[in-house]
Amino acid sequence: EDGIRDYKVTGVQTCALPISMIPYIVAAHQKDALEVFGNDLQLARPITRGQAAAVIVALHEMAGVDAAGYKDVRAGTIESRAISVVVKQGWMGPLRSNYFGVRRVLKGADALLLLRKASGESIPTRTEVPERFERSLTSPTASTIRVNVGAGATYGSTANLPKGDILQAVWKFLNQKR
């Protein structure tokens, strides 16, 4: 059973956290990956595309310049600098040529794709994907991240992922032995 504890990270207000989440939040805080959330992590709310970009760029300890050309991205923000990095790295793309979707909720499948790309895992192209109904008899070599997306969600679902689940998945992924 997961206990709850009041916990204070320097610069972040005291809040009740599940004990199991504390190591993830502390590790992310140490890399300034939580700066985008301000003083309230709002762990039960879904993460936006802009927030996800900011978290992943901070975890990689990368810096960017303001993203130009997107009407929904405000210059001088954490998200703006992060978006320039994720687009340049090919980890995320705009939804339209002049619209990134900075405040849109990051869907489950998109979150997993972002984590795979940001970790350097190769993403198969359509021509590299085996036939849909063929099964490989060899054991899988790719990393697998399991994220609870809620009741009724299925594989490939576009269910919203709460920030707590994203942080937990990122932590596990970063600490995998390669």
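The structure presented is a predicted model; accordingly, all values stated were derived computationally and were not measured.

Conventions adopted
Residues numbered from 1 in each chain as written. Predicted model: local features only at pLDDT ≥ 70, side-chain atom pairs only at ≥ 80, totals over all residues. Heavy atoms only, no water. Axes fitted to C-alpha atoms, helices over the stretch in contact; angles between N-to-C directions. Helix = DSSP H or I, 4+ residues; strand = E, 2+ residues; numbered from the N terminus. Parallel < 35°, antiparallel > 145°, perpendicular 65-115°, else oblique. Contact = heavy atoms within 4.5 Å. Nonpolar A, V, L, I, M, F, W, Y, C, P; charged D, E, K, R; others polar. 1 Å grid on protein atoms, 1.4 Å probe; cavity = no way out; pocket = protein on both sides within 12 Å on 5 of 7 lines; lining within 4 Å. Points joined across faces, edges and corners; volume = space filled by probe spheres on them. Patch = residues over 30% accessible without salt bridge, like charges linked within 9 Å, V, L, I, M, F, W, Y side chains within 5 Å. Areas by Shrake-Rupley, 256 points an atom, 1.4 Å probe, with all protein chains shown as cover. Salt bridge = Lys/Arg side-chain N within 4 Å of Asp/Glu carboxyl O. Lys, Arg positive; Asp, Glu negative; His and termini not counted. Charge placed at Lys NZ, Arg CZ, Asp CG, Glu CD. Buried < 20%, exposed > 50% of the residue type's maximum accessible area, 1.4 Å probe, protein only.

Undergrad: Sorry, what's going on with the packing of helix H2 (residues 49–59) against helix H3 (residues 78–89) here?
TA: How two helices sit against one another is set out by the angle between their axes and by the gap between those axes. Interaxial distance between H2 and H3 falls to 8 Å at its minimum, and their mutual angle equals 70°. It follows from the interaxial angle that H2 and H3 lie roughly perpendicular. Contacts from Gly50, Gln51, Ala53, Ala54, Ile56 and Val57 of H2 reach H3 at Ile78, Glu79, Ala82, Ile83, Val85 and Val86. For the contact of H2 with H3, the residue count by class is 9 nonpolar, 2 polar and 1 charged.

Undergrad: What's the story with empty space enclosed by the protein in this structure? I'm lost.
TA: Regions of empty space are outlined by a rolling probe, equal in size to a water molecule, passed over the atoms. Here the structure, examined in full by the defined rule, presents 2 cavities of 30 Å³ or more. Looking at the largest cavity, its volume works out to about 60 Å³. Looking at the lining of the largest cavity, the elements with two or more residues in it are H2, helix H4 (108–118) and helix H5 (163–174). Each residue belonging to the lining of the largest cavity can be placed in one class, and the counts come to 9 nonpolar, no polar and no charged.

Undergrad: Where do I start with a positive patch on the surface in this structure?
TA: A contiguous patch of positive charge on the surface is contributed by Lys71, Arg96, Arg104 and Lys107. Summarising the element assignment, Lys107 is placed in the loop between H3 and H4. Judged by relative accessible area, which is 31%, Lys107 ranks as partly exposed.

Undergrad: Can you help me understand the pattern of salt bridges in this one?
TA: Close approach of charged atoms allows side chains with opposite charge to pair. One pass over the full model with this rule turns up 2 salt bridges. Glu79 is the salt-bridge partner of Arg103, the closest N and O atoms lying 3.1 Å from each other. Here the residue Arg103 occupies a position in the loop between H3 and H4, and Glu79 occupies one in helix H3, the gap between them amounting to 24 residues. Here Glu79 falls in the buried class, since its relative accessible area comes to 9%. The partner of Arg116 in a salt bridge is Glu121, with the nearest N and O atoms 2.7 Å apart.

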